Each structure stands twice: as C-alpha cells, then as structure tokens.
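A look at the structure
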Amino acid sequence: MKITVIYNPAAGGGREALLRRFVTELEALGGSIRLYYTQGPADATRYLRALEDQGDCVVAVGGDGTTNEVINGLASGVALGVFATGTANVLAKELSLPKKPEAAARVVMEGKSVSISPGLLNGRRFIMMCGVGYDAWVVDRVNLPLKERLGKVAYALSMLSQIRRYGEQRYRLVVDGRPLDCFSAVITNGRFYGGSFILSKQANIVRPKLQVLLFQKPGVRFLLGCLWALLFGRMESVDGVTSVSAERIEIHCDGDEPLQADGDPAGRLPADIAVESEPMLVRVPADIVL
Ligand SMILES: Nc1ncnc2c1ncn2[C@@H]1O[C@H](COP(=O)(O)OP(=O)(O)OP(=O)(O)O)[C@@H](O)[C@H]1O
C-alpha cells in the first residue's frame, strides 16, 4: 500500500517519537511511505492538492485540526487514515482508533474502510462538527501559546472566560427550510464532542446526515446545565435543547460572529452547511461496528 503520512509537529505539543514508531510499523507491515511535516496552518491542504499521486491512503498524524486540513486536500478515491496525537482527538474516539502507534499502523494496513460523508461549511469540509455561538467563541478566544503548553487546560480557561457572554447573541438557522432561533448551535456528524463526551446519541457518522443541536434558552444557568448534561451524555434530554437531523443548514445573525469547525476557527457568519455528496473512505479497526 502506498501511504502519504502528514505529520503536524505542533499538534499535542509534538509527538516525534510516536511518529517514528508509527512509520516503522507501517513499513514493517509492507507500506511504502512518503512522510511530510507540515510547516504551518493550511499547509497540509496545500501540499496534498499539489501532489499528483497521493497514493492509496493519506494518514493525518495530529489532532482534529490536522485531520480537517488533510480532508480538505484529499483526492477523490484516496482513503483517509488517522493516527491521533492531538489535544482532544474527537474523531479517534468516534472511530475507536487506538492510541498506540503500532496498533494505529495496523488499523491503516489491516483494518477496513468505511464510507463517511463529511459536512461542508461554506465550501470547506469538516468531519466531526462545526458550531456558532458559545463553542465558536471558546475556540476563537483560546490562548494558543497556553494551548501549546497546557493543552486542554487552555480550552477550560477559554470556556470560563466566555460563559458570561452566553445569551447576548441570537442566531437564525434555517434547517432543511425550517426557521429556528437559538443562542448557540452545534452541527455534528458524529456523537462525540470535546474529547470523550457524547453530545448526540442521535448522530451517526456513517449516515449521510448532520445532527443539529440548538440551544434555545438564554442565561448562564441554562448553559451550565448543558455543560453538566454533556458530562453524562444527556445533552439531548435538556429542556431548551432541540436536536434535529438535517441535510442543509443556513445560519445568519446581525453581528460579525465567528464559526468553528473540527475545533479550529472557520471564518465568520453567514454559514451555508451541507452534507458532501461524495463520501470519503476512512480506515477503521476491522472489528468495529459503526
Ligand atoms: N508546523 C506547524 N506549526 C504550527 N501550527 C501548525 C503546523 N502545522 C499545522 N499547524 C496548525 O496546528 C493546528 C492545530 O493542530 P491540531 O488541531 O491537529 O492539534 P491539536 O490542537 O493539538 O489537537 P485537537 O484538535 O485534537 O485539539 C492546525 O489547525 C494547523 O493549522
């Protein structure tokens, strides 16, 4: 198998030793490897788009942001592999991908491929989720030097700093033609969010649909109740949270508001979100049922 490995040396504070073990195991299993170190934001996408032949599989080695940049450069028919070395690694949780480099290499070489339809946010792919409102503010305001040193703690601090703003801004969504208002929204392809927390039990990453979670009550108490429910996988049971599956979502508001996709900043409103018509092939463990 011809494999292009894209390594983000900044993800998770750097994981060079794990990368070496991963590549060694791929080669031991018969893989022919081309290895690329990303130089900065958007470089993975740029590099892949310029390649004439990406091989049979492109593996993202990094966090969800790296995977996002890889899928935006992935050529049609080339499989995606993931060796998660980032901070949160939500996709790895969703797909039960192993943390050990040797096991992750075996998934690429000896696992199976499943079809997953990415979402499209203003023409750019996302694989896990995008959002507007509170979670987009948290991503927008996270202190990057602190994230490099402290990882998830930087997100926790950003979450605290943004809580009091929740409810200030109202958004109008048009969900498959139906107008719905909210104070925050997350549009998710998969069940997991922010690590190992289950945001939506109704979502299913192999289904060509997106699950829209609307936070329709204002107030800090409501938001804290949602965060509490998230810890226990009960978000969709909270009074004031609406969860609907959809194929097309528009988001508008009066202000200049940020968006997040796969945990990284993703431009500003307005947003036009859809399910991509052509699914991607993604390498997963042979024994998982999605
Ligand atoms: N060489 C580089 N130096 C600095 N930043 C880079 C480099 N290459 C890529 N990046 C950027 O690093 C960002 C963060 O990477 P990524 O999200 O994969 O890791 P993470 O934040 O540690 O993990 P997670 O998303 O799981 O929390 C990416 O969005 C990408 O734009």
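Just so you know, these numbers come straight off a predicted model, no measurement behind them.

Some points on helix H6 (residues 134-141)
By the criterion of burial, H6 is predominantly enclosed, with six of the eight residues buried. Among all positions in H6, only Tyr134, Asp135, Ala136, Trp137, Val138 and Val139 are buried. Of the surrounding elements, those touching the buried residues of H6 are strand S8 (129-132), helix H8 (152-162), strand S11 (184-188), helix H9 (220-231), strand S17 (258-261) and strand S18 (264-268).

What to know about the UniProt feature "domain: DAGKc" (unreviewed entry) in the protein chain
In this numbering, the UniProt entry assigns the feature "domain: DAGKc" (unreviewed entry) to residues 1-125. Note that residues 1-125 is 35% helix and 27% strand, and that its end C-alpha atoms are spaced 26 Å apart.

A few points about the nonpolar core
Val59 and Ala185 are the most contacted members of the largest nonpolar core, which totals 80 residues. If you count residues domain by domain, this core takes at least three from each of domain 1 (2-110) and domain 2 (126-275). Excluding its chain neighbours within four sequence positions, the residues that come into contact with alanine 185 are Gly131, Val132, Gly133, Tyr171, Leu173, Val212, Leu213, Leu214, Phe215 and Ile251.

Side note on unusual backbone geometry
Residue proline 270 is bonded to the preceding leucine 269 through a cis peptide linkage, with omega at 5 degrees. With respect to the helices and strands, the residue proline 270 is situated in the loop between S18 and strand S19 (271-275). In this structure, serine 96 takes a positive phi of about 55 degrees despite not being glycine. With respect to the element layout, serine 96 can be found in the loop between helix H4 (90-94) and helix H5 (101-110). We classify serine 96 as partly exposed; it has 13 C-beta atoms within 10 Å. You will see that asparagine 122, though not glycine, has its phi angle at about 45 degrees, which is positive. Relative to the helices and strands, asparagine 122 resides in the loop between strand S6 (119-121) and strand S7 (124-126). By C-beta crowding, asparagine 122 is classed as partly exposed, having 16 other C-beta atoms within 10 Å.

A look at the packing of helix H2 (residues 43-50) against helix H3 (residues 64-71)
Close contact between H2 and H3 brings their axes to 7 Å; oriented N to C, the two are set at 30 degrees. When the axes of H2 and H3 are compared, the pair comes out roughly parallel. Pair H2 / H3 crosses with right-handed handedness. Between H2 and H3, the residues in contact are Ala44, Thr45 and Leu48 and Thr66, Glu69 and Val70, respectively.

Focus: the site of the ligand
Around the ligand, the surrounding shell holds 22 residues, and the nearest of these are Pro41, Gly63, Gly65, Gly86 and Thr87. A per-element tally of the shell around the ligand places H3 first, with four residues. Its residues placed into classes, the shell around the ligand shows five nonpolar, 13 polar and four charged.

Cut-offs and rules
- Residues numbered from 1 in each chain as written.
- Predicted model: local features only at pLDDT ≥ 70, side-chain atom pairs only at ≥ 80, totals over all residues.
- Buried ≥ 20, exposed ≤ 12 C-beta atoms within 10 Å, placed from the backbone.
- Helix = DSSP H or I, 4+ residues; strand = E, 2+ residues; numbered from the N terminus.
- Contact = placed C-beta atoms within 7 Å.
- UniProt positions renumbered as here; feature names shortened; annotations may be inferred.
- Core = buried A, V, L, I, M, F, W, Y, C linked by C-beta atoms within 7 Å.
- Domains from an automatic or database assignment.
- Axes fitted to C-alpha atoms, helices over the stretch in contact; angles between N-to-C directions.
- Parallel < 35°, antiparallel > 145°, perpendicular 65-115°, else oblique.
- Left-handed = near helix turned anticlockwise from the far one by under 90°.
- Near = placed C-beta within 6 Å.
- Nonpolar A, V, L, I, M, F, W, Y, C, P; charged D, E, K, R; others polar.

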